[in-house]
Amino acid sequence: MSVTATATASSRRFRTGLAAGTALLALALAGCSGLGRTAVGPVTYNTERDRTVSTNSPSVKGCHRMDSPGAHEVVNGTLIDMILYRTPDCTGGETIYVPTTVTDTKAPPSGPWLSYRFVH
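So, how was this worked out
- Residues numbered from 1 in each chain as written.
- Predicted model: local features only at pLDDT ≥ 70, side-chain atom pairs only at ≥ 80, totals over all residues.
- Heavy atoms only, no water.
- Phe/Tyr/Trp six-rings, centres within 6.5 Å; stacked < 30°, edge-to-face > 60°.
- Buried < 20%, exposed > 50% of the residue type's maximum accessible area, 1.4 Å probe, protein only.
- Core = buried A, V, L, I, M, F, W, Y, C linked by side-chain atoms within 4.5 Å.
- Contact = heavy atoms within 4.5 Å.
- Helix = DSSP H or I, 4+ residues; strand = E, 2+ residues; numbered from the N terminus.
- Polar contact = N/O pair within 3.5 Å; in protein donor to acceptor, adjacent residues only side chain to side chain.
- pLDDT = per-residue confidence, 0-100.
- Pairing = 2+ DSSP bridges.
- Salt bridge = Lys/Arg side-chain N within 4 Å of Asp/Glu carboxyl O.

### Digging into the packing of aromatic side chains
What describes a pair of aromatic rings is the distance from one ring centre to the other and the angle between the planes of the rings. Throughout the structure, instances matching the rule amount to 1 aromatic pair. Aromatic pair Tyr116 and Phe118: ring centres 5.7 Å apart, planes at 85 degrees, arrangement edge-to-face. A relative accessible area of 2% means that Phe118 is categorised as buried.

See the structure below:
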């Protein structure tokens, strides 16, 4: 076998391997997309009873209730902005927008945060 034939065969194997790897990656990503997106990182808060609660990578979908009796300080360590609510079902007008990686968001003196959702 000549040097040119060896180089051509090696190049062909490389292209075939690259195509197979690309196809496998596409299948893996398509399979994982149905699992639901998460807010990568932790949401940590301190309750009114001085207990620290941390949830790592919660789902970006839906409303998340905070442990009773609610949070008086929240740290958004995720990669997605969130909204804090004073109600347990993510409704109502008294909210606060918490950008990604913002710390030390304190509840107003009138009451704790009871739920949150992500902006997506």
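### Focus on the nonpolar core
Of all hydrophobic cores here, the largest spans 16 residues; its most connected members are Met66, Val74, Met82, Leu84, Trp113, Tyr116 and Phe118. Apart from the residues lying within four places of it in its own chain, the contact partners of Tyr116 are Val43, Thr55, Pro58, Gly62, Cys63, His64, Met66, Met82, Ile83, Leu84, Tyr85 and Cys90.

### Quick word on the side chain of Arg86
Following the sequence through the fold, Arg86 ends up in the loop between β5 (82–85) and β6 (95–98). Side chain to side chain, Arg86 and Glu94 meet in a polar contact 2.5 Å long.

### So, the confidence of the model for the protein chain
Taken over all residues, the pLDDT of the protein chain has a mean of 79, while the share at 70 or more is 69%. Taken as a whole, residues 23–34 scores under 50 in pLDDT and shows 0 contacts with residues more than four places along the chain or in a different chain.

### Overview of the sheet that holds strand β3 (residues 64–65)
The strands making up a sheet are joined through hydrogen bonds of the backbone, oriented either antiparallel or parallel. Read from one edge to the other, the open sheet built from 4 strands follows the order β3-β8-β5-β6, with strand pairing classed as antiparallel. Each end of this open sheet is capped by a strand with a single partner; those strands are β3 and β6. Of the pairings in the sheet, the one linking β5 to β6 comprises 4 bridges and is antiparallel in character. What sits directly across from Ile83, in β6, is Tyr97.

### What to know about the environment of Gly111
If you trace the backbone, Gly111 turns up in the loop between β7 (102–106) and β8 (115–118). By relative accessible area, Gly111 is classed as buried at 15%.

### Some words on the pattern of salt bridges
Opposite charge on two side chains allows them to pair when their charged atoms are near. Scanning all chains against the criterion turns up 2 salt bridges. In this structure, Arg51 engages Asp67 in a salt bridge whose closest nitrogen and oxygen atoms are separated by 2.4 Å. Note that Arg51 is positioned in the loop between β1 (42–47) and β2 (52–56) and Asp67 in the loop between β3 and β4 (71–76), a separation of 16 residues in sequence. When the shortest N-O distance is used, the salt bridge between Arg86 and Glu94 registers 2.5 Å. According to the relative accessible area criterion, Arg86 is buried, its value standing at 19%.

### Topic: the pairing of β5
Of the two faces of β5, the one holding Met82 and Leu84 and the one holding Ile83 and Tyr85 are both buried throughout. Taken together, the 4 bridges between β5 and β8 define a ladder with antiparallel strand orientation. When the sheet's bridge partners are listed, Met82 is paired in β8 with Phe118.

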